Structures are given as structure tokens and as C-alpha cells.
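A closer look at the structure
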Amino acid sequence: MNQARGEWSSRFGFILAAAGSAIGLGNIWGFPIMTAKNGGAAFVFVYLILTFVVCFPVVMTEIAIGRHTAKNPVGAFNQLAPKSIFAFAGKLGVLCGFMILSFYVVIAGWVFGYFVEVVSGGLQRLAQDGEFGNFVANPYKNLMYTGLFMLATVGIVVGGVRDGIERWARMLMPTLLIMLLALIIYVMTLENAGKGLAFYLIPDFSKITVPVVNSALSQAFFSLSLGMGALITSGSYVSKKDDIIASGFIVTVLDSSIALLAGLLIIPAIFTLAPDTTAETIKAGPGLIFEFLPKVFMNLAGDVGYFFASFLAAFFFLLISFAALTSTISLLEVPTSWVVDEKKIRRKKAAVLIGVVIFIIATGSVLASGASDFFTHFITYPSGADKDFLSFVADVFFEMCLPLGGFLLSAFAAFRWKTHNLSKEIAVGREHYIGSVLEKWLNFVIYLCPVIILFIFVNTVLAKLFDIVLF
Ligand code: PHE
């Protein structure tokens, strides 16, 4: 970065930061769970359509607003639409960053914990049925792992060692991709992989129900770090010389590719390693990758030996931890940049303070997997569903608030900022944009987006909380 407020040194800097934010647990942990829970290929199909038709225009809007205002989300909306309902979108984004990080860091702690356990020789134990349940119910270990992860995140955000992290990301992200590919090839050689592949790739369109569409939209928003201003924040450092359509498109494609690959690994692995699995009985819970990845590596141990398989497993969990870290950094960045810009508190003090508060809230999620009865049975929805604290926070801020933020954002672009301003900003750095088919298409869908998102949002809230399915 250079200049007074800072700017990415090249277009690559933005792509790296945005892809680092996007690629994380949402792709590797969340996507396979959502796919298994929502009928396999039908979900994947809806997910891809929503990603490119609904989410990509929102990606472009966020980056454009960020670059146009060079501000954090709250400042950006205050500048472009002061004292309007849209100013709420900025505040909602800050709150989402805050609350999403509070459970994200717990799951990141599980991943890091699995790395530590495998390094200390525990792969065989982790591969046993039920071991994940034991692991997450241990409050001391998990508080430590969550705390360590939070500490690393705060340390990087205040320490200005971002460049170092980016250099690492440049190396480790391609390594993650290669390992994913290698593991996919390995799993494909196992018996029953074909059944998993069919479940993952051949859509049964009758499975596309409203809840499936709801989950696909929330998942796409979460995975792209969309709807809470993370891309406004990284967009605020983009140079006026850059072509933001190209950058936004690359980030979207990279993010969905990693999600698709993670699914291609985990879903067939379930069918090969739990032989009685069928499309109807397939497992889908927060423990999915934690139960099946150790089993994949234990299987591999039969071919390459326990030591080498443990080495690979440890390395893989470390790579996932790293992907999670580049996401937690961007989650913390949103509330931090807000406090720094708007409340005039020093960056270091702001990040530490926010980090401590988030850690305190995260404690509830650490204790929500059996350690404390209160947090494990935190709330009963009017629908009768009993939710632990982690699932409750995820339901509200991941499944509901991100799409709500996306709704406000696209409604803002369509009805307040207006498409000619959006086009003007996108055209900076991209010749011949104005008047192109692409411009016409984006300006058309940006009107559709608020309608589609609002429709899905209302359904999600009714279905989640009240078990009412309208359509
Ligand atoms: N996109 C990240 C992931 O897939 C999570 C995230 C959401 C990060 C919102 C920043 C903002 O893991």
C-alpha cells in the first residue's frame, strides 16, 4: 500500500486480500455440510446460479462503493446516503463482522486443535466415531485454541504484518489447492466413491425446495464475505487504475472453485468411509469434516504408513487454519476500521478492545457443544427447535443478517445511488464499459437482486424461526 490512506500496491494485492477473506471455513467446512444437508447436486446447482446471478452484482457494488468513497462501510453509507435506512446497512455490517467472528474463531480453533492433536500422534484416535463430540465438549482445550486464534488475528491486525501474511498466502493457498486435488484423486480410487459422486453431481431437481434456496443464498453470501462490508473495506484501498470487474470476477470464481473442490473431496469420502450411507441418511452437522478427514488420512495410512499420513493430515489442518486466519483478519478489520475512522480511537487499542469483547462472546460458543447446559440449550425458537448458542448466532448473523445486508446494499445501488453512478465507478479502469452488454446486464440484475434477496430473506426468517414455509 502507498499514499496517505493507503492503496494496494497492485491489482494482485486486492485480489489476494479479497480471495483470502473469501476462502476460508465457509468453503471447506460450511459448503460440504450445506450440500449434504440440502440434497447434494440440486443444492450445488442453485448455489452456483445464485453466486453468479445474484451475488456477483453485489460483489461489484461493494467494491465500487468501497473504491468510490475510500471509507469503511459505515462511513461509506454515511457519505452516500446520510440519515437514510441505508446507513443502517453499514452498522449492520459492523455488527455482523463482530458476531460472525465470535463463532468463526471457535470453529477455526477446532481446526487448529485438530492440527495440534495430529502432531501429537492422535490421528488414529480422531478417526474413531464420536471423537469429535469428545473433542468439542472439552472446554479448557477449546478455550485455549479459540483464544490462540483470536490472539493471532488481533496480533496481525494491529501489528501491521499484513504484507508478511500476504506473502505466505501467496504460497500456502496454491498448496491448499494442490492438496485438495491430490486428496480428491485418492478418494476417487476408493470403493463407493461413485455413489458419492452421483449424489454430488447429478441433480435431482425435485429436491429444489424453498429451504434449499434459502441455504444456498446464505451460504453464497457467507462464502464470498458478502453483505457486511468486508469487500467495501478491501475495495476502499483499490486504485482508480484497476479494472474492478475483472478482479471481482476472479475472486468469485476462485471462491466457488475451492468450495466445489472441498465438496468433491468430502461428499464422496462420506460414501466411501461410512459404507451404509445413502442420499437419505447422509450425515450433515458441524462435525462433518472433523469426522471424515481423519478417516481419509487413516485410510491413507494403510498405503503410506501412519507417520507420513499423520504428517499430511497435520499439514492439511494447518493449511485450513491458515485459510481461516486470512478470513478472521478481514472479519476483525470491519469493526476495527469503523472504530478507528469514526470514533477516532487508535488502531492498536481498537483492535485489542474489540478482540477481547469478541473472545468473551466466543466463550459462549465454546461452551455450546456440551460443556455448559445453558449454552448448549440456549434458546427454543417459536418453531420448537432447540438451539445451542453457536447455532443461534450462526442462524441470526450468517443465515439472516448477511442476506439482509445484501438486500440493503443492492437496493441502495438500484434506488438511491442509481445505476449511472455505479456504472461510472465501474468504468474507471475499464475502457468501453459504458454502453457494453455487460453494463446493461449488471444494471438490469441490480434491480432484480433486492427483489430476489428480500423474497428469500423473508422465507428464511419464517422457516428458521417459525417453521413456516410460504412457498
Ligand atoms: N468468507 C469467509 C469464509 O468463507 C467468511 C467471512 C464472512 C469472512 C464474512 C469475512 C466476512 O470462510
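Residues numbered from 1 in each chain as written. Predicted model: local features only at pLDDT ≥ 70, side-chain atom pairs only at ≥ 80, totals over all residues. Heavy atoms only, no water.

This brings us to the site of the ligand. In the neighbourhood of the ligand, 14 residues make up the surrounding shell, with Ala22, Leu25, Gly26, Tyr104 and Phe222 lying closest. Between the ligand and Ala22, the relevant distance is 2.8 Å, taken from an oxygen atom to a main-chain nitrogen or oxygen of the residue. A distance of 2.8 Å separates a nitrogen atom of the ligand from a polar backbone atom of Phe222. When the free accessible area of the ligand is taken as 330 Å², the share hidden by the protein chains comes to 100%. Put simply, the parts of the chain that give the shell around the ligand at least two residues each are helix H1 (11–22), helix H2 (25–37), helix H11 (210–223) and helix H15 (306–343). Residue classes in the shell around the ligand are distributed as six nonpolar, eight polar and no charged. (Near = heavy atom within 4 Å. Polar contact = N/O pair within 3.5 Å; in protein donor to acceptor, adjacent residues only side chain to side chain. Areas by Shrake-Rupley, 256 points an atom, 1.4 Å probe, with all protein chains shown as cover. Helix = DSSP H or I, 4+ residues; strand = E, 2+ residues; numbered from the N terminus. Nonpolar A, V, L, I, M, F, W, Y, C, P; charged D, E, K, R; others polar.)

Here helix H5 (residues 87–119) spans 48 Å end to end across 33 residues, near enough to the 48 Å set by a 1.5 Å rise per residue. For H5, the principal kink sits at Leu101 and spans about 30 degrees. Taken across its 33 residues, H5 has 27 buried, putting it largely inside the fold. Downstream of H5 by one or two residues, Gly121 has phi in the positive range, about 90 degrees. (Expected span 1.5 Å × (residues − 1). Bend = angle between axes of the 7 residues up to and from the residue. Buried < 20%, exposed > 50% of the residue type's maximum accessible area, 1.4 Å probe, protein only.)

Excluding glycine, most residues fall at negative phi; most peptide bonds, likewise, are trans. Located in the positive-phi region is Lys344, a residue other than glycine, with phi close to 55 degrees. Along the polypeptide, Lys344 turns up in the loop between H15 and helix H16 (347–366). Taking relative accessible area as the criterion, Lys344 reaches 68% and is therefore assigned exposed. A positive phi angle, close to 80 degrees, is found at Lys418, a residue other than glycine. Relative to the helices and strands, Lys418 resides in the loop between helix H18 (389–417) and helix H19 (419–427).

Bringing the state of the cysteines into the picture now. Counted by the stated rule, this structure contains zero disulfides. Just so you know, Cys55 is unpaired, no disulfide at all, and the nearest cysteine sulfur is the one on Cys449, 8.0 Å from it. (Disulfide = S-S within 2.5 Å.)

Below, the discussion takes up the pattern of salt bridges. One side chain can pair with another of opposite charge once the charged atoms of both are near each other. Taken as a whole, this structure holds 12 salt bridges when the rule is applied. Among the salt bridges present, the one from Arg67 reaches Glu425, with a minimum N-O distance of 2.7 Å. Taken as a pair, Arg67 in helix H3 (residues 41–69) and Glu425 in helix H19 lie far apart in primary sequence, 358 residues in all. A single burial state applies to Arg67 and to Glu425, both of which are buried. (Salt bridge = Lys/Arg side-chain N within 4 Å of Asp/Glu carboxyl O.)

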